[in-house]
Amino acid sequence: MEPLFIAASPTSPEVDFRFDQHTLSIKGESYPENAAAFYGPVIARVQAWLDGCKEAEITVNVSLAYFNSSSTKMLFTFFEALNNAAMAGNQVRLNWYHDEDDDTILEFGQELQDDFGALDFHDHAVSN
C-alpha cells in the first residue's frame with residue numbers, strides 16, 4: 001500500500017503512515033473544523049491496511065500537543081482499529097509522547113492503555 005502523508009496545518013496534525021515499514025505516526029495539534037472529514041479517510045486507509053496484516057510488528061508514534069473533543073472521538077476509533085489488529089495476532093506498539101508537564105495528554109494516554117489492553121503501550125514524557 002502506498003504511504004499516506006498529510007502535512008500539518010494550523011488545525012490538523014501531520015499524518016505520516018509508512019505502511020511498508022509498518023510505522024504510523026501522528027504529531028502536532030488536532031482541532032480541525034470537521035474531525036470526521038479529516039480522520040475518516042485516514043482511518044479507512046489504516047483499516048484496509050490492517051485487514052491485510054498477519055502477525056505484523058506495527059509501531060505507532062503519537063505526539064499530540066493538543067486535541068479537541070471531536071478529535072478525541074476519532075482517535076478512539078483509530079486506536080480501536082489498532083487494538084483489534086493486536087487481538088488478531090499482530091504486535092502493535094503504541095509510543096505515546098507528551099510534554100512532561102501536560103497532565104491532560106498523560107491522562108488520555110493512560111485511558112488508552114486501560115481501554116485498549118491489547119496494545120503494547122509505552123509512555124514517553126518529553127522535556128522542553
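Residues numbered from 1 in each chain as written. Predicted model: local features only at pLDDT ≥ 70, side-chain atom pairs only at ≥ 80, totals over all residues. Heavy atoms only, no water.

A. Looking closely at unusual backbone geometry. Its identity as a non-glycine residue notwithstanding, H22 has a phi of 60 degrees, on the positive side. Summarising the element assignment, H22 is placed in the loop between β2 (14-18) and β3 (23-30). Residue E55 is not a glycine yet carries a positive backbone phi of 55 degrees. Mapped onto the fold, E55 is located in the loop between α1 (35-51) and β4 (57-67). (Helix = DSSP H or I, 4+ residues; strand = E, 2+ residues; numbered from the N terminus.)

B. View of the UniProt feature "domain: SiaC family regulatory phosphoprotein" (unreviewed entry) in the protein chain. According to UniProt, the positions carrying the feature "domain: SiaC family regulatory phosphoprotein" (unreviewed entry) are residues 6-124. Across residues 6-124, helical content stands at 41% and strand content at 33%; the span's end C-alpha atoms are separated by 24 Å. (UniProt positions renumbered as here; feature names shortened; annotations may be inferred.)

C. How the structure looks around helix α2 (residues 69-87). Over its 19 residues, α2 extends 27 Å from the first C-alpha to the last, a length consistent with the 27 Å expected when each residue adds 1.5 Å. The complete set of buried residues in α2 reads S71, T72, M74, L75, F78, F79, A81, L82, N83, A85 and A86. Its buried side turned inward, α2 meets β2, β3, α1, β4, β5 (91-99) and α3 (103-115). The first or second residue beyond α2 is G89, which carries a positive phi of 115 degrees. (Expected span 1.5 Å × (residues − 1). Buried < 20%, exposed > 50% of the residue type's maximum accessible area, 1.4 Å probe, protein only. Contact = heavy atoms within 4.5 Å.)

D. Region of the structure containing the sheet that holds β2. Taken in spatial order, the 6 strands make up an open sheet running β1-β2-β3-β4-β5-β6, and their pairing is mixed. Here the strands that pair on one side only, and so sit at the sheet edges, are β1 (4-6) and β6 (120-126). For this sheet, the mean angle separating the axes of adjacent strands, direction not counted, is 10 degrees. Alignment of β1 against β2, held across 3 bridges, turns out to be antiparallel. (Pairing = 2+ DSSP bridges. Axes fitted to C-alpha atoms, helices over the stretch in contact; angles between N-to-C directions.)

E. A look at α3. Helix length check: α3, at 13 residues, gives a terminal C-alpha distance of 18 Å against a target of 18 Å (1.5 Å per residue), a fit within 8%. Of the positions making up α3, those classed as buried are I105, F108, G109 and L112. Along the long axis of α3, the arc covered by the buried residues comes to 100 degrees, so they all point the same way. The exposed residues of α3 that point more than 90 degrees off its buried face are T104 and D114. For α3, the side-chain oxygen to backbone nitrogen distance between the N-cap and T104 is 3.1 Å, and the N-cap itself is D102. (Arc of directions from axis to C-beta. Polar contact = N/O pair within 3.5 Å; in protein donor to acceptor, adjacent residues only side chain to side chain.)

F. Expanded view of the pattern of salt bridges. By the definition in use, this model includes 2 salt bridges. In this structure, K27 and E14 form a salt bridge, with 3.9 Å as the shortest nitrogen-oxygen distance. With K27 in strand β3 and E14 in strand β2, this residue pair connects regions lying 13 residues apart in the sequence. Take K27: its relative accessible area is 45%, and that puts it in the partly exposed class. Residues R18 and D16 are paired through a salt bridge, measuring 2.9 Å at the closest nitrogen-oxygen approach. With a relative accessible area of 14%, D16 lands in the buried category. (Salt bridge = Lys/Arg side-chain N within 4 Å of Asp/Glu carboxyl O.)

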